[in-house]
Amino acid sequence: MTKLLEKFLKDAEKKNLYLLAAQIRKEDRIVDEWTRFSAKPRFETYSISKTFVAVGAGIAIKEGLIRLEDRVTDYFPEESYDVKNKNALNATIKNLLTMTSGVSKTMLWRDGHERKHERDWVRYFFKHAKFLDQPGTTFLYNNANPYILGCIIEKQSGQNLREYLRYRLFEPLEIHNVEWTSCPMGHTIAANALQLSIDELSNFGQFLLNKGEYNGKRIVSEKFIDDMLTPYSESGERIPSDPPVKAGYGYQTWIDGVNNAGYMWGIFGQYCVVIPEKKAVITVLSLEPSDGGSNGKYDQSPLRQIIWQDLVTKV
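To keep things clear, this report deals only with the structure shown in the data block.

Each value, and the rule that gives it
- Residues numbered from 1 in each chain as written.
- Predicted model: local features only at pLDDT ≥ 70, side-chain atom pairs only at ≥ 80, totals over all residues.
- Heavy atoms only, no water.
- Helix = DSSP H or I, 4+ residues; strand = E, 2+ residues; numbered from the N terminus.
- Rg over C-alpha atoms; globule rule 2.2 N^0.38 Å.
- Buried < 20%, exposed > 50% of the residue type's maximum accessible area, 1.4 Å probe, protein only.
- Contact = heavy atoms within 4.5 Å.
- Areas by Shrake-Rupley, 256 points an atom, 1.4 Å probe, with all protein chains shown as cover.
- Lys, Arg positive; Asp, Glu negative; His and termini not counted.
- Charge placed at Lys NZ, Arg CZ, Asp CG, Glu CD.
- Core = buried A, V, L, I, M, F, W, Y, C linked by side-chain atoms within 4.5 Å.
- Polar contact = N/O pair within 3.5 Å; in protein donor to acceptor, adjacent residues only side chain to side chain.
- Pairing = 2+ DSSP bridges.
- Phe/Tyr/Trp six-rings, centres within 6.5 Å; stacked < 30°, edge-to-face > 60°.
- Lys NZ or Arg CZ within 6 Å of the ring centre and 35° of its normal.
- Axes fitted to C-alpha atoms, helices over the stretch in contact; angles between N-to-C directions.
- Parallel < 35°, antiparallel > 145°, perpendicular 65-115°, else oblique.
- Nonpolar A, V, L, I, M, F, W, Y, C, P; charged D, E, K, R; others polar.
- Patch = residues over 30% accessible without salt bridge, like charges linked within 9 Å, V, L, I, M, F, W, Y side chains within 5 Å.
- Salt bridge = Lys/Arg side-chain N within 4 Å of Asp/Glu carboxyl O.
- Disulfide = S-S within 2.5 Å.

## Focus on the overall build of the chain
- The secondary structure content of the chain amounts to 11 helices and 13 strands.
- Against the compact-globule benchmark of 20 Å for 315 residues, the chain has a radius of gyration of 19 Å, which places it among compact chains.
- Along the three orthogonal principal directions, the C-alpha set of the chain runs to about 60 × 40 × 35 Å.
- Within the chain, the fraction of its 315 residues that count as buried is 57%.
- A separation threshold of at least 6 residues defines the contact pool for the chain, and within that pool the share at least 24 residues apart is 67%.
- Carbon and sulfur atoms make up 47% of the accessible area of the chain, which totals about 13400 Å².
- Within the chain, the 40 negative side-chain charges are centred at a point lying 2 Å from the centre of the 41 positive side-chain charges.

Shown next as structure tokens:
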């Protein structure tokens, strides 16, 4: 084990943080790793799955199924027939990707009431979403955006998002028999609920680092990956630095402008950080209650602090 990872593990132990696995890749190979379980089982990655949805949109754009400028309501005439709000009518696929749909209240949180009691989440979205803001003007992190985007891809392809991406993305990335939970109506949840091992998530990070290629296979265009990693908004999330700065947000991906990195983040300590200038991918899985929270209310994470302090800035 390298001193880099060794220090990270010691610092995590001092803070009583519960890690599951950690892996460092450089120059397209694993240079160090630690796992609590040698078999490297899959775990829930929570919101990391949102970035997979973004790539799914890139593939669907390449296949001519959708366009960034398409209006969301146009895909759901039967569910949005009574929508009159101009902001709702003008929201586009790009707005869903960038969390700027104009919806002013978060929806479909993992512990939210509607997840447990509503059957038709698409109809619930169009009936209850509050579009108080003009699309493209306000950032609001919201599980409804990737879920609706996944449903659009399903409508256009005839396959739910999991099946649509099975041979287009997952199999090329060596993620076999993909496990991604569906909603009560059978649509892929998209915003979370994707199960991945440390190797599988790192493969995805490597694919982003390679700008849309994996093992020599082009999956999505280099331009789309560049667009994914471009900040379109400033978020309330903080990058550990001195002083801490706000993270940007691209296409379902967080942006670290201090270290010129993109990163995926799922609550309870799921991270995959892609650092192009260092040709590095850092992946961490954990079950740490101090990282994230519920219903979108998050405190500053001691785990994120040491990931950036010991790994991102030192790799």
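## Some remarks on the nonpolar core
- Ranked by internal contacts, the top residues of the largest apolar core, which has 71 residues, are Phe 52, Leu 169 and Phe 207.
- In terms of nonpolar packing, the next biggest core, distinct from the first, is built from 34 residues, Phe 139, Tyr 141, Trp 308 and Val 312 among them.

## Remarks on the side chain of Thr 253
- On the secondary structure map, Thr 253 appears in the loop between β9 (245-249) and β10 (254-256).
- Its relative accessible area of 2% is what places Thr 253 among the buried residues.
- Side-chain polar atoms of Thr 253 contact the backbone oxygen of Tyr 251, separated by 2.8 Å.
- In this view, Thr 253 contacts Thr 51, Met 228, Leu 229, Gly 248 and Tyr 263; residues no more than four positions away in its chain are not counted.

## Some thoughts on the pairing of strand β1 (residues 19-26)
- Within β1, seven of the eight residues are buried, leaving the element largely enclosed by the surrounding structure.
- In this sheet, strand β13 (residues 280-286) lies alongside β1 in antiparallel orientation, the contact comprising seven bridges. Directly across from Ala 22, in β13, lies its bridge partner Val 284.
- Hairpin connection, β1 to strand β2 (residues 29-35): the antiparallel pair is bridged by two residues, and Glu 27 has positive phi, about 55 degrees.

## Focus on the pairing of strand β8 (residues 233-239)
- Relative to β9, β8 is paired through four bridges, and the arrangement is antiparallel. Counterpart to Arg 238 in the pairing with β9 is Lys 246.
- Connecting β8 to the next strand, β9, in antiparallel fashion are five residues.

## Regarding the packing of aromatic side chains
- Counted according to the given criterion, the structure contains 23 aromatic pairs.
- Judged by centre distance (6.1 Å) and plane angle (90 degrees), the ring pair of Phe 170 and Trp 180 falls under edge-to-face. Highlighted residues: Phe 170 in helix α8 (residues 161-170) and Trp 180 in strand β4 (residues 179-180), separated in sequence by 10 residues. Trp 180 shares its class with Phe 170; the two are buried.
- Among the aromatic residues, ring-to-ring pairing joins Trp 109, Phe 139, Tyr 141, Tyr 249, Trp 254, Tyr 263, Trp 265, Tyr 271 and Trp 308 into one connected group.
- A cation over a ring is seen here: Arg 36 above Tyr 18, with NZ or CZ 4.1 Å from the ring centre.
- The aromatic ring of Trp 265 is capped on one face by Arg 304, whose charged end is 4.6 Å from the ring centroid.

## A word on the side chain of Thr 100
- With respect to the helices and strands, the residue Thr 100 is situated in the loop between α4 (93-97) and α5 (113-117).
- Relative accessible area serves as the criterion here: at 4%, Thr 100 is assigned to the buried category.
- When sequence neighbours within four positions are dropped, the list of residues in contact with Thr 100 reads Asn 95, Pro 135, Gly 136, Thr 138, Phe 139 and Ser 233.

## Some thoughts on the packing of helix α2 (residues 49-62) against α8
- Between α2 and α8, whose axes approach to 10 Å, the crossing angle comes to 80 degrees. Between α2 and α8, the angle is such that the two are roughly perpendicular. Contacts between α2 and α8 involve Phe 52, Val 53, Val 55, Gly 56, Ile 59 and Ala 60 on the former and, on the latter, Leu 161, Tyr 164, Leu 165, Arg 168, Leu 169 and Phe 170.
- When the residues that make up the contact of α2 with α8 are grouped by side-chain class, the tally is 10 nonpolar, one polar and one charged.

## Description of a nonpolar patch on the surface
- Among the surface-exposed residues, Tyr 18, Phe 37 and Leu 287 lie close enough to one another that they form a single nonpolar patch of about 270 Å² accessible area.
- When you line up the elements, Tyr 18 lands in the loop between α1 (3-14) and β1.
- On the accessibility criterion, Tyr 18 (36% relative accessible area) is partly exposed.

## Overview of the state of the cysteines
- A full pass over the atoms with the stated rule returns zero disulfides.
- Not engaged in a disulfide, the cysteine Cys 151 finds its nearest cysteine sulfur in Cys 183; these two sulfurs lie 6.2 Å apart.

## Details of the sheet that holds strand β5 (residues 194-196)
- The sheet built from three strands is open, its strands ordered β3-β5-β4 with antiparallel pairing. Two strands lie at the open edges of the sheet, namely β3 (43-44) and β4, each paired on one side alone.
- Bridge count between β3 and β5: two bridges; the pairing is antiparallel. In the strand pairing of β5, Phe 43 is matched with Leu 196.

Geometric values such as these leave the question of function open.
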